[in-house]
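As a plain string of letters, each chain reads:
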Amino acid sequence: MRTHVAASFAAGAVAAVASNPLDVTKTRVMNMKVEVGRPPLYNGAVDCLMKTVRSEGFRSLYKGFLPTVSRQGPFTVVLFDVGAS
């Protein structure tokens, strides 16, 4: 049972590592202010990703990582436990 819980939590952590940069990018694109007569801050997701890394560094893509892992880890434990039974 311990191995199952550890593997499930690890799967949640891997999912958080893979998805957090995309979540940060999506949030920034959705929250950008678009004003009439001015070009938008980002010209899409890839542009947002590149500008974020250039201006704030690679680690900025993992803002909010701890809350994501805190949510995703237990979720996958429960998901795999219910699915296995």
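Treat the numbers as computed from the prediction; the structure is a model and nothing was measured.

Asker: Can you help me understand the overall build of the chain in this one?
Answerer: Of regular secondary structure, the chain possesses 3 helices and 0 strands. Scaling as 2.2 N^0.38, a compact globule of 85 residues should have a C-alpha radius of gyration of about 12 Å, whereas the chain reaches 17 Å, well beyond that. With respect to the principal axes defined by its C-alpha atoms, the chain has extents near 60 × 25 × 15 Å. Burial statistics for the chain: of 85 residues in total, 21% are counted as buried. Considering only intrachain contacts with a sequence separation of at least 6, the fraction spanning at least 24 residues in the chain is 66%. Of the roughly 6,200 Å² of accessible surface on the chain, a fraction of 67% belongs to carbon and sulfur atoms.

Asker: So what exactly am I meant to see when it comes to the pattern of salt bridges here?
Answerer: A side chain of one charge can pair with a side chain of the opposite charge if their charged atoms are brought near each other. Counted by the stated rule, this structure contains 4 salt bridges. Note that Glu35 and Arg38 form a salt bridge whose closest N and O atoms lie 3.7 Å from each other. Exposure remark for Glu35: the relative accessible area of 45% places this residue in the partly exposed category. Arg38 gets classed as exposed once you look at its relative accessible area, which sits at 55%. The closest approach of N and O atoms between Lys51 and Asp47, which form a salt bridge, is 3.3 Å. Here Lys51 and its partner Asp47 are both found in helix α2 (residues 45-56), 4 residues apart, which amounts to about one turn of the helix. With relative accessibility at 33%, the residue Lys51 sits in the partly exposed group.

Asker: Looking at this model, I keep getting lost on the environment of Asp23. Mind explaining?
Answerer: As for its placement among the helices and strands, Asp23 is situated in helix α1 (residues 2-31). For the pair Asp23 and Gly57, spaced 34 residues apart in sequence, the C-alpha separation works out to 16 Å.

Asker: Where do I start with the confidence of the model for the chain in this structure?
Answerer: As a note on interpretation, predicted positions should not be read in detail where pLDDT is low. Overall, the prediction assigns the chain a mean pLDDT of 90, with 98% of residues at 70 or greater. When the elements of the chain are averaged for pLDDT, helix α3 (residues 65-84) gives the smallest value, 84, and α2 the largest, 96.

Reading guide: rules and limits
- Residues numbered from 1 in each chain as written.
- Predicted model: local features only at pLDDT ≥ 70, side-chain atom pairs only at ≥ 80, totals over all residues.
- Heavy atoms only, no water.
- Helix = DSSP H or I, 4+ residues; strand = E, 2+ residues; numbered from the N terminus.
- Rg over C-alpha atoms; globule rule 2.2 N^0.38 Å.
- Buried < 20%, exposed > 50% of the residue type's maximum accessible area, 1.4 Å probe, protein only.
- Contact = heavy atoms within 4.5 Å.
- Areas by Shrake-Rupley, 256 points an atom, 1.4 Å probe, with all protein chains shown as cover.
- Salt bridge = Lys/Arg side-chain N within 4 Å of Asp/Glu carboxyl O.
- pLDDT = per-residue confidence, 0-100.

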